[in-house]
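Observations on the three-dimensional arrangement
Spelled out from the first residue to the last, the chains are:
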Amino acid sequence: ADTTLVISSWAPPTHGMNAKMWPKLTKMIEEATEGRVTAEIKYKLAPPPAQFDLIQDGAADLTWIFHGYNPGRFVATQLIELPGYQGSAEAASVAYWRAYEKYLKSANEHRGVKLVALHTHGPGQLHSSTKVTELDQIKGMKLRLGGGVSGAVGDALGATGIRVPAPKVYETLASNAADGVMMPMEGKKGFKLTEVAQHSYVMPGGFYRGSFALIMNQEKFESLSKADQDALMTVFGEPASRMAGQVWDEIDAIGVEATESTADNSLNTASEADRKAYDAIAAPIIEAAIKAATDKGVDAKAAVEFIASDMAAN
Amino acid sequence: MLAASLGFAAVLVLVMLRMPIAIAMGLVGIIGYAMETSMRAAISMGSRLIIDTSQDYGLSVVPLFILMGLFVNKGGLSRELYQVSYVFLGHLRGGLAMATIVACGGFSAICGSSLATAATMSKVAMPQMRKFGYSDGLSTASIAAGGTLGILIPPSVILVIYGLLTETSIGKLFIAGVIPGFIGILFYLAAVRYTVFRDPKSGPAGERSSWRDRMAALRDVWAVLGLFVLVIGGLYGLLDFWPLHLTFSPTEAAGMGAAGAFLIALSRKTLNFKAIREVLFETARTTASLFAVLIGAWIFSNFVNFAGLPQALVELVTGWGVSPMVVLLMILAIYIILGCVFESLSMLLLTVPVFFPLVTSLGFDPIWFGIVVVVVTEISLITPPVGLNVFVLKGVVRDVSTATIFAGVTPFWIVDILRLALLVFVPWLVLVLPNSM
Amino acid sequence: MNTNSRSQEGAWARHALAHAPSYLAATALFALMAMTFADVVLRSVFNSPISAATELTRLFMAITVFSSLPVISWRGEHIVVDLLDPFVRGRAAQVRDVLIDALAGIVIFWPAIRVYELAERAKQYGDTTEYLQIPQFYIAYFIAFSTFVTALILLLRAVIRAVAPDYLATIKNA
Ligand code: NA
Ligand code: NA
């Protein structure tokens, strides 16, 4: 290849994003450019919150960011994290990109870099060492929560939030400093939760979804030939977003399988009544996120409706 | 491969010229990275690491464990530890030196640093050994060697940093250090016995203590024991019962240990404002110098990583077709050679990013490798010409020559090599505890 | 000539100024210890941990490290390899130390400036901490300032080493 793009990645090499997503994206890039452009991964160049700056200044060419790691900066992106959407990570990611094109773009939150894709992880569920089968049981639990919407969800459910970075989740649960964690099903395998958070309480559509972006250094993109830029643009956007969502669905399925095949683990789906109850609990969170995004000049209400109907149609 | 090798050479030259290790690694790292990307990119990368490393949640363990060690020291706990070892072992030939080793082992269980362990015990044990006519060689050597246990027996600042560099569990690393630590104590005791066997005058027997004194000494170590149980018990979930449910993450264990040591020292009235200030100032400065090196090392290892050295090394070594064990022994030989010159933390930071991918790709266990690396690092603390623990002793006991200490220490690093071989060929000794977690 | 009381006042002011960064670092460090203790007790006994504990930990660490960085640079307490000390003495050692301090001081200006620029960027993007929503740029400004002072101090040391090498030996005991 004439050009090798350097991917900066902060999760361990075994993580689904590194083991599956990046190789797939690399293959898509190679095919589109007929082998002229390829990519390779470098690990742990900097911690997650630093990745955006790294790409903006060209210390690497590509990365993925979790929007929750840069609080304050990403507000409109929280609209995809809201509870209530039904569907897979693929459906959510496709809807996310379309909503971006139509509504979220105006917030210009990814300024300074080239946006490659937007995607979500699978529906965020509750994994705990004690068995939870009803929504009420969450009250008073000590839960490790991520940032953004998932933090608000934990508060609304009456849980006590414990903040530790994702790689510390296993130790936090193993030492019982937390009773449980909210993550997509993927974590049962990826973070070995089958050992320390045996029971999963599943809310259809998830308690929340996590929001990610793939970004590229703008100058690097512009330094490519016109033909290569055009080729990349056939990959970037919806195709890349869809692919990343698919990968999350794939690794979520591995997590579900790990849960089902481990003797002392259980999967407990929320009852119809609890689903209704959660919709009511989630309503103020949705309202707050819509208000925050509206303040940033986004037609947030329309965006949320668009995402819901686009996902339903998929 | 060439760029990275030149980079290593440049760092070596600069540090030999007495440039701070942090700045040498950072400077070479940024220039090297700029050659792969651009100056703007490289400086941004370095600057982001300056901003982010100091705010790395996992690293907060480091200042807290250092703080705990210093408060423990102020609280006089080291004296009590020595006293209890003394009343049980003092009457034997070489007994005071053996008591020193055991007290060092005990102190290691509440202190995360080898230098602090050696410095503390030298103040307590050295006067006693002198009083009973121990040779300078044996007395200083038993403290210098015993002090190295500080980073193997949990808690350990070095293991924390290894854990962060390699994303391995700090809890597992800590528990993996326990058996090798005990083996270390036993082997050092054997080294003492050997020294007094060769030269009986080097370590005459002390007085035999009565059982009444022994019981009294045992009663006095409750604070040390309590602190150990709090930190390690909390870390491994052994205190998770009504009404407290004390369970800690590593950071919390360190914070509880520091606060506990602070409260113990306070209750013993050994802390006034000036003493507290001294402890906090010293911890803050030590923390800053460690973090500076961490930042420099991360920048440098990004350059090494960008230049493709780890992969090149893996390809090179697999190309030779030698067995993984031969490769490992070569790596350990490199560590022992580097250890002659380098300070322990810098050595770890320079080498782990290069060797870790190679070692794990050869199928070795990451936890086990961490312990083996720490044992090699321990050896470096007492080998000439640069043995930091020896220098610590030299600083405290000014009238003993460095040559005397190095000579006295020889039997100790020989048993260290034996222990290293044992751990390399019987990994079970390291892994049995973490694997049962 | 100074009166006695005036020189004492001057000494006190010098002490306060010289040790202000150390006191700041010590306060942050003590706060880190006390907060971690309180967090564990509140969580274990009362089931109500300090929500902002993680970000306060980060903040206290940044203050501890970057208050102390100029101090250790001034006192010459960076970790160095002193293997050649017995062989390089006198004039040669002096020249070496002047050059190395000057070089170290000069190269640190670049990251100091960039950290400042990154702080400006964080301000423009609205980056905050998660819970307390403390603007990130305050922390980055502080780090930039500390790095900048560190660079100046290293340059100053180079100058002092060149003109009055004996003075540096007195710093540690001050
Ligand atoms: Na220790
Ligand atoms: Na050495």
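Residues numbered from 1 in each chain as written. Chains lettered and ligands numbered in written order. Predicted model: local features only at pLDDT ≥ 70, side-chain atom pairs only at ≥ 80, totals over all residues. Heavy atoms only, no water.

The name an unreviewed UniProt entry gives chain C is TRAP transporter small permease protein, with Denitrobaculum tricleocarpae as the organism. The Subcellular location (unreviewed entry) comment attached to chain C in UniProt states, word for word, "Cell inner membrane". One UniProt comment on chain C, placed under Sequence similarities (unreviewed entry), says "Belongs to the TRAP transporter small permease family." (UniProt positions renumbered as here; feature names shortened; annotations may be inferred.)

**Re the coordination of the sodium ion (ligand 1)**
Residue and element names in this part refer to chain B. Taken together, S108 (O), C111 (O), G150 (O), I153 (O) and P155 (O) make up the protein donors of the sodium ion (ligand 1), found 2.2 to 2.4 Å from the metal. Donor residues for the sodium ion (ligand 1) sit on one chain with the sequence pattern S-x2-C-x38-G-x2-I-x1-P. In this structure G150 comes out as buried when scored by relative accessible area, which is 0%. (Donors = N, O, S within 2.8 Å, 3.2 Å for Na, K, Ca; no water. Buried < 20%, exposed > 50% of the residue type's maximum accessible area, 1.4 Å probe, protein only.)

**Description of the pattern of salt bridges**
Any two side chains of opposite charge can pair if their charged atoms end up close together. Counted by the stated rule, this structure contains 36 salt bridges over all chains. The closest approach of N and O atoms between A:E272 and A:K276, which form a salt bridge, is 3.9 Å. Taken as a pair, A:E272 and A:K276 lie in helix α11 (residues 272-295) at a separation of four residues, close to a single helical turn. Residue B:K74 pairs with B:E278 through a salt bridge whose shortest N-O separation is 3.2 Å. (Salt bridge = Lys/Arg side-chain N within 4 Å of Asp/Glu carboxyl O. Helix = DSSP H or I, 4+ residues; strand = E, 2+ residues; numbered from the N terminus.)

**With respect to the packing of helix α5 (residues 77-89) of chain B against helix α7 (residues 114-131) of chain B**
All names here are of chain B. One way to put it is that α5 packs onto α7 with a least axis distance of 9 Å and a crossing angle of 45°. Regarding the angle of α5 to α7, the classification is oblique. You can see that α5 and α7 cross each other, and the crossing is right-handed. Packed against α5, whose contacting residues are S78, R79 and Y82, the element α7 presents T120, M121, V124, A125, Q128 and M129 at the interface. Tallied by class, residues from the contact of α5 with α7 come to five nonpolar, three polar and one charged. (Axes fitted to C-alpha atoms, helices over the stretch in contact; angles between N-to-C directions. Parallel < 35°, antiparallel > 145°, perpendicular 65-115°, else oblique. Left-handed = near helix turned anticlockwise from the far one by under 90°. Contact = heavy atoms within 4.5 Å. Nonpolar A, V, L, I, M, F, W, Y, C, P; charged D, E, K, R; others polar.)

**A short note on the UniProt feature "transmembrane region" (unreviewed entry) in chain C**
All names here are of chain C. In the numbering used here, UniProt assigns the "transmembrane region" (unreviewed entry) feature to residues 20-42, 98-116 and 136-156. Annotated as residues 98-116, this span is 100% helix and 0% strand, and its ends, taken at the C-alpha atoms, are 27 Å apart. Structurally, residues 136-156 is divided into 100% helix and 0% strand, and its ends, taken at the C-alpha atoms, are 30 Å apart.

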